[in-house]
Amino acid sequence: MNSSTDTIVAIATAPGRGAVGIVRLSGPAATTVAAGIAGTLPAPRAHALRHFRDETGQILDQGLVLRFAAPHSYTGEDVIELQGHGGPVVMDQVLRAACALGARPARPGEFSERAFLNGQLDLAQAEAVADLINAASASAARAALRSLDGELSSRVQSLAAELTAMRVFVEGALDFSDEDIDWLADESLHLRLSAVRAKLETLLQQCARGRRLRDGFVVTLTGRPNVGKSTLLNALAGADVAIVTEIAGTTRDVLREHVNLDGLPVTIVDTAGLRESDDPVEREGVRRAKQALQQAELALFLLDDSDGLNEDHAAALAQLPQGLPVIRLHNKCDLTGQPPARFELAGEIHLRLSAATGAGLELLRAELRRQAGLGESDDSVFS
């Protein structure tokens, strides 16, 4: 158990005005402090309607009092929640009253810290609390909730137990190596190890998908000038965030837009077209484009569907960083009359679409999820 003797207090609801505001207390003197504010307290795991008063007896608010006795609470300590009206002034007055009666303001995250120190949460679960609060999509929230429920921890502990059991077996076999039986040649041992390795790889893939949902996916639009990069950025963002003209080289700087594509947070980076130029401003734009590509996790290389992969496009492709995954987007298929499609050539992924009309954008969204490791599965966990 945590040996802290402090009783902490904090406003548990988000800043601003609302119908309900909660002030939470935790610690050995939580019931004493709460009784000084609300009078007689309800039984553990019960609630009661009370007036909230300051240390002088002045009524501050009226609301519900909830009581959780140690160790059956979030922090493992005595916890009291004072649920009143959600005005900032009212909440601040109740907070001040608690401090006047002996509590101190909690540090950021201190309630979860105490839950961890008191064995109510393990480290993965404690981190999942923040992940759940900050989830930017339903998929991210589900992944964080699985970690908060202990799924990640239980699976890691199960793998550790299996590896420990095999280690004991191997060490025992080595200790009795002078016997005629070759215990290490037992096929069942190899099968068990293969099974553990498969489970570990699956878990690592699910954690990687969870990190994508939490941290997002950085995708850079690149290619020659005037192939529709800014038009595609606007189409994915659903707004005119980039200037689009018929003049080649309109984009000079790096534009970043954060979008949510079917539950996947994506940072789309629009860059200047890759070509040689005598214009110093455009040259700087190309330099910044190459710098953005160094930080990308995926490049969407756009080319005009009517041109195909000609020498100019090949020269631009050669400027991309080695090892960076690339999807070749054949844009402006509305002008060539070709239908949107996904196809592979020599192991390279190609998509045909029209950023101007939106045709084929659903193929691109599905491909981005696939490249992020999400696909159709929804079994991600946060680590």
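Residues numbered from 1 in each chain as written. Predicted model: local features only at pLDDT ≥ 70, side-chain atom pairs only at ≥ 80, totals over all residues. Heavy atoms only, no water.

Q: Would you explain the environment of L152 in this entry?
A: By the element assignment, L152 lies in helix α6 (residues 151-175). According to the relative accessible area criterion, L152 is buried, its value standing at 8%. Counting along the chain gives 27 residues from L152 to Q125, while the straight-line C-alpha distance between them is 8.5 Å. (Helix = DSSP H or I, 4+ residues; strand = E, 2+ residues; numbered from the N terminus. Buried < 20%, exposed > 50% of the residue type's maximum accessible area, 1.4 Å probe, protein only.)

Q: Could you clarify how one ought to interpret the nonpolar core in this entry?
A: For soluble globular proteins, nonpolar side chains are generally found buried alongside one another. By size, the foremost hydrophobic cluster in this structure holds 29 residues, and its most contacted members are V219, L232, V266, I268, L300, L329 and L364. Ignoring anything within four residues of it in the chain, the contact list for L300 reads V219, T220, L221, T222, I327, L329, L364 and L368. Grouped together as the second largest cluster of nonpolar side chains are 20 residues, V23, A30, F52 and L82 included. (Core = buried A, V, L, I, M, F, W, Y, C linked by side-chain atoms within 4.5 Å. Contact = heavy atoms within 4.5 Å.)

Q: Mind showing me how you'd approach the pairing of strand β10 (residues 298-304) here?
A: Strand residues, when the strand is regular, have side chains that alternate between the two faces of the sheet. Burial analysis of β10 places seven of its seven residues in the buried class, which makes it a mostly covered element. In β10, alternate side chains face the same way, and those of L298, L300, L302 and D304 on one face and A299, F301 and L303 on the other are all buried. Bridge count for strand β7 (residues 217-223) against β10 is five bridges, and the pairing is parallel. In the sheet register, V219 faces β10, and the bridge partner there is L298. Where β10 and strand β11 (residues 326-331) come together, six bridges link them in parallel fashion. Looking at the pairing, A299 lines up with V326 of β11. Viewed along the sheet, the connection from β10 through helix α10 (residues 311-317) into β11 turns out right-handed. (Pairing = 2+ DSSP bridges. Right-handed = clockwise from strand over helix to strand, strands pointing away.)

Q: What should I look at first to understand the pattern of salt bridges in this one?
A: Where side chains of opposite charge bring their charged atoms close, a pairing between them can arise. According to the stated counting rule, one finds 17 salt bridges in the structure shown. E348 serves as the salt-bridge partner of R328, at 3.5 Å between the closest nitrogen and oxygen. Linking R328 in strand β11 with E348 in strand β13 (residues 348-352), this pair joins segments that are 20 residues apart in sequence. The exposure class assigned to R328 is buried, which follows from its relative accessible area of 10%. Among the residues examined, E348 registers a relative accessible area of 30% and is labelled partly exposed. Bridged by salt links that share partners, the residues D6, E77, R104, R107, E110, E113 and R114 form one connected network. (Salt bridge = Lys/Arg side-chain N within 4 Å of Asp/Glu carboxyl O.)

Q: Explanation requested: the sheet that holds strand β8 (residues 255-261) in the structure shown.
A: Neighbouring strands of a sheet are bound in pairs by backbone hydrogen bonds; such pairs are parallel or else antiparallel. Ordered by their spatial adjacency, seven strands build an open sheet running β8-β9-β7-β10-β11-β13-β12, and the pairing between neighbours is mixed. Two strands lie at the open edges of the sheet, namely β8 and β12 (341-345), each paired on one side alone. The average undirected angle you get between the axes of adjacent strands in this sheet is 25 degrees. Bridge count between β12 and β13: five bridges; the pairing is antiparallel. Across the sheet, the residue bridging to F343 is H350, located in β13. Of the strands in this sheet, β7, β8, β9 (264-270), β10, β11, β12 and β13 touch helix α12 (residues 361-371), which is tilted by about 155 degrees from β13. (Axes fitted to C-alpha atoms, helices over the stretch in contact; angles between N-to-C directions.)

Q: Sorry if this is basic, but what is going on with the sheet that holds strand β5 (residues 79-86) here?
A: One open sheet holds the six strands; their spatial order is β3-β4-β5-β2-β1-β6, and the pairing between them is mixed. The sheet is open, and its two borders are formed by β3 (47-53) and β6 (104-105), each paired with just one other strand. Pairing of strand β4 (residues 59-68) with β5 involves five bridges; the strand directions are antiparallel. Directly across from L66, in β5, lies its bridge partner E81. Packing against the sheet, helix α1 (residues 30-38) makes contact with β2 (18-26), β3, β4 and β5, and its axis sits at approximately 70 degrees to β3. Of the strands in this sheet, β1 (8-11), β2, β3, β4, β5 and β6 touch helix α2 (residues 88-100), which is tilted by about 175 degrees from β1.

Q: Is there a simple way to think about a nonpolar patch on the surface in this case?
A: Taken together, the side chains of F116, L117 and L123 make up a nonpolar region of the molecular surface, amounting to roughly 270 Å² of accessible area. Mapped onto the elements of the fold, F116 is located in helix α3 (residues 110-117). (Patch = residues over 30% accessible without salt bridge, like charges linked within 9 Å, V, L, I, M, F, W, Y side chains within 5 Å. Areas by Shrake-Rupley, 256 points an atom, 1.4 Å probe, with all protein chains shown as cover.)

Worth remembering: the numbers are spatial, not functional.
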